[in-house]
Every structure is written in structure tokens, then in C-alpha cells.
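Below, each chain spelled out in residue letters.
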Amino acid sequence: MQLLYRMAIKMNLTVNEIHKSFGEKQVLKGISFSAESGKALGILGRNGAGKTTLIRIIMQVFGADSGTVLLDGQEIDTEKIHIGYLPEERGLYPKQKIMTQLLYFAELKGIDKKSARLTAEKYFKALQIEQYKNMRLDTLSKGNQQKIQLIAALISNPDIVILDEPFSGLDPVNAGMLKNIVKELISEGKMVLFSSHQMNYIEEFCDDIIILNGGKAVLSGSIKQIKRSFARNVFEITTQNSETAISIILNASLPYVDKAEIIDGKLTVTLKCEENKPELIKFAAENIPDIDGICVKEPTLADIFIHYTEGNV
């Protein structure tokens, strides 16, 4: 009952003006954001941007120089709030039997052996690795070791789940299993903090993102709203013959067209001004044969990431 009660609580995490330096190197420079349970927040940034340092401060591995990390307005009490962490660098014991060390890690977090075993069995089955639970970790493939690391992160039925590059090294089948578990965690009301360079996964799971660059938060907010904030002057025209369509556009020498190109088999037209959209739609409908559709091409999350981090290390 205690675990079910914890899962039902709506929680809000507030990170406010976090600064952190190591010696003379300032790693975090006033990072602020918020997250809530039942949703996933994507923490993005190039290597060295400060993501891991931020995660460790949230987990209370070490403290910030200044700023606060609050859960519902209070400091996080790790005796009451469990945090599950899947690190990018794996940290289990390769020579030990898998179930033995999972139960050991659960015990360190105050979870009784029976509850921990039930949780472990649940995830062994979901990840299709039941046959490995009494084997040594180093006898497993890299992908299956990754699954065991995930179970270790979830063994305490955590309220907050932090996943750092969880899909690294997984083939599409195993990635699909992990995706199902992440979706389940969100639907159960967990707070999920998700760090990855694989933007397709961030877009699939996360409503909101924060992008770090040079220790600063250069962008944060709703992915949908961020995309809509970019200029909406690039259009995709879907037709059965893109080569013919682009020739028609170019030969027409339309004054409001900046450029036209074929990207991934689709005709992409960039307008000089988004207000010229009605003119392009009218021209395409009247002059391009076998047209299937025309729509605004929003920037991908990868485009946005590059826009805010390119040229900075």
C-alpha cells in the first residue's frame, strides 16, 4: 500500500539558479527548470555541457555552490523519496550473480527482499531475460547488461527516474522493450528525467526539454511551443513526382520563393516570408500535377539542438 500511495502523489521538482564549479572551472551557471510527475523532461546538451553534474546535484551525490533543488517546495528527503538512476557509465559488478546483486542494491535502499524480488521478476519478464537472473553479469551481451542496469535503477519502485542515454547500444527489438517500460513509468505517474543524444526518443517521450550549453540553460519549455516559435516559412509538398514538381517551381521564377530542393524524396520550398503561404498553396494546386499535400515543415528537435549549440563546446 505504501508504494501505491507514493505513486499516486503528484510531485513538482523545482531547480532554481544552480551554480557549480570545480576549482576554477564553472560547470553550471544558474540553471533553472521544473518537472512534474507523470511526464518526462528531456535534458539535452553537448558533451561537457553540464548534464551529468546537474543530475548528480539533483540526486544529492554532491551539493551545488548555490541555488536550490526542491520537491514540492521542500528539500528532497531520500529516506522517503526514491530516485532510480540509470547512468551512462554502467556500474554493476561483472563477476556477481545478477539477482543477488539486484537484491543487495534494493536492500541498500531500504526495500525488503520479497518486494524487491517481485519487482525484479516483473522486469526480467518484460525485458525477456528471465533465463539470465542467476548468471554472472559478465556472461551477458552488452545489450542484456544494459537491461540489468535498468532493473537495478527500478528495483526500489522509484518516484523519480533518471535515465542517462538508456538506449545506447540497444538493437531495435531491445529498444522497443525499453520504450514500453518508459511509457509504463510515465503512465504510472513517475517523474522521468531523460538525457540522450538520440533526439527521436526525446521527441517520443518528452513534453518539455531543457538545452544546456556551456553550463547555461539556453532553451527550455514545451517542445510543441518551441517548434511553433520558429519561422514557419518552409513547406513540404508531397507529390508522386518530385522532380517534375521542382522543375515547375523553379521555371516559374516565383518572386516569393527563396529556394526549392528535394529532401528525403519530398519537395521542400522555403519562402522569403511566411505570409506568402496562400500564394504558394494556390500556385501548387493549380500547376503541380498529382499533388498529395502541402504542409509547414517544422524544425526537428535535432535542428533545434544544433541551432542552440552549434559552434560552442
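Residues numbered from 1 in each chain as written. Predicted model: local features only at pLDDT ≥ 70, side-chain atom pairs only at ≥ 80, totals over all residues. Heavy atoms only, no water.

A. Representation of the environment of Phe62 in the model. Mapping Phe62 onto the fold places it in the loop between helix H2 (51–58) and strand S4 (66–71). A residue is classified by how much of its surface remains accessible, and Phe62, at 24% relative accessible area, is partly exposed. Excluding its chain neighbours within four sequence positions, the residues that come into contact with Phe62 are Lys20, Phe22, Thr53, Arg56 and Ile57. (Helix = DSSP H or I, 4+ residues; strand = E, 2+ residues; numbered from the N terminus. Buried < 20%, exposed > 50% of the residue type's maximum accessible area, 1.4 Å probe, protein only. Contact = heavy atoms within 4.5 Å.)

B. Up close: the pattern of salt bridges. Considering all chains together, one arrives at 15 salt bridges under this definition. In this structure, the salt-bridge partner of Lys20 is Asp65, at a minimum N-O distance of 3.8 Å. Linking Lys20 in strand S1 (residues 12–22) with Asp65 in the loop between H2 and S4, this pair joins segments that are 45 residues apart in sequence. Accessibility expressed as a relative area gives 11% for Lys20, which makes it buried. Since its relative accessible area comes to 47%, Asp65 is described here as partly exposed. In this structure, Arg232 and Glu298 form a salt bridge, with 3.2 Å as the shortest nitrogen-oxygen distance. With a gap of 66 residues between them, Arg232 in the loop between helix H8 (223–229) and strand S11 (234–239) and Glu298 in the loop between strand S14 (291–296) and helix H11 (301–309) connect regions that are remote in the sequence. For Glu298, a relative accessible area of 33% gives the class partly exposed. (Salt bridge = Lys/Arg side-chain N within 4 Å of Asp/Glu carboxyl O.)

C. Fine view of the state of the cysteines. Counting across every chain of the model gives 0 disulfides. The thiol sulfur of Cys273 is not disulfide-bonded, and the nearest other cysteine sulfur, from Cys295, lies at 19 Å. Note on Cys273: relative accessible area 32%, which makes it partly exposed. (Disulfide = S-S within 2.5 Å.)

D. Quick look at the side chain of Ser222. Position of Ser222 among the secondary structure elements: in strand S10 (residues 216–222). Owing to a relative accessible area of 18%, Ser222 belongs among the buried residues under this scheme. Of note is the side chain of Ser222, whose polar atom sits 3.3 Å from the backbone nitrogen of Lys224. Those residues in contact with Ser222, other than ones at most four positions away along the chain, are Asp207 and Asp208. (Polar contact = N/O pair within 3.5 Å; in protein donor to acceptor, adjacent residues only side chain to side chain.)

E. Looking closely at helix H6 (residues 172–187). Given a rise of 1.5 Å per residue, 16 residues ought to cover 22 Å, and the 22 Å separating the end C-alpha atoms of H6 matches this to within 8%. Those residues of H6 lying buried are Asn174, Ala175, Met177, Leu178, Ile181, Val182, Leu185 and Ile186. Taking the backbone nitrogen of Val173 as reference, a side-chain oxygen 3.0 Å away marks Asp171 as the first, capping residue of H6. A positive phi of about 90° marks Gly189, the residue just after H6. (Expected span 1.5 Å × (residues − 1).)

F. Representation of the sheet that holds S1. Here we have 4 strands laid out as an open sheet, ordered S2-S1-S4-S5, and antiparallel in their pairing. The strands lining the two open edges of the sheet, one partner per strand, are strand S2 (25–36) and strand S5 (74–75). In the sheet, S1 pairs with S4 via 5 bridges, with the strands oriented antiparallel. Counted as the bridge partner of Val15 is Val69 from S4. (Pairing = 2+ DSSP bridges.)

G. Expanded view of the sheet that holds strand S6 (residues 83–86). Taken in spatial order, the 6 strands make up an open sheet running S6-S7-S8-S3-S9-S10, and their pairing is mixed. The open sheet is flanked by S6 and S10, the only strands paired with a single partner. Strand-to-strand, the axes of this sheet are offset by a mean angle of 15°, without reference to chain direction. Sitting on the sheet, H6 touches strand S3 (40–45), strand S7 (160–164) and strand S8 (191–195), and the angle it makes with S8 is about 140°. Those strands touched by H11 are S3, strand S9 (208–213) and S10, and its axis lies near 30° from that of S9. (Axes fitted to C-alpha atoms, helices over the stretch in contact; angles between N-to-C directions.)

H. Local environment of the pairing of S9. Within S9, 5 of the 6 residues are buried, which leaves the element mostly enclosed by the surrounding structure. Direction of pairing for S3 relative to S9: parallel, over a ladder of 5 bridges. Each bridged residue has a counterpart across the sheet, and for Ile43 the counterpart in S9 is Ile210. Judged from the 6 bridges that link them, S9 and S10 form a sheet pairing that is antiparallel. Counted as the bridge partner of Ile210 is Ser220 from S10.

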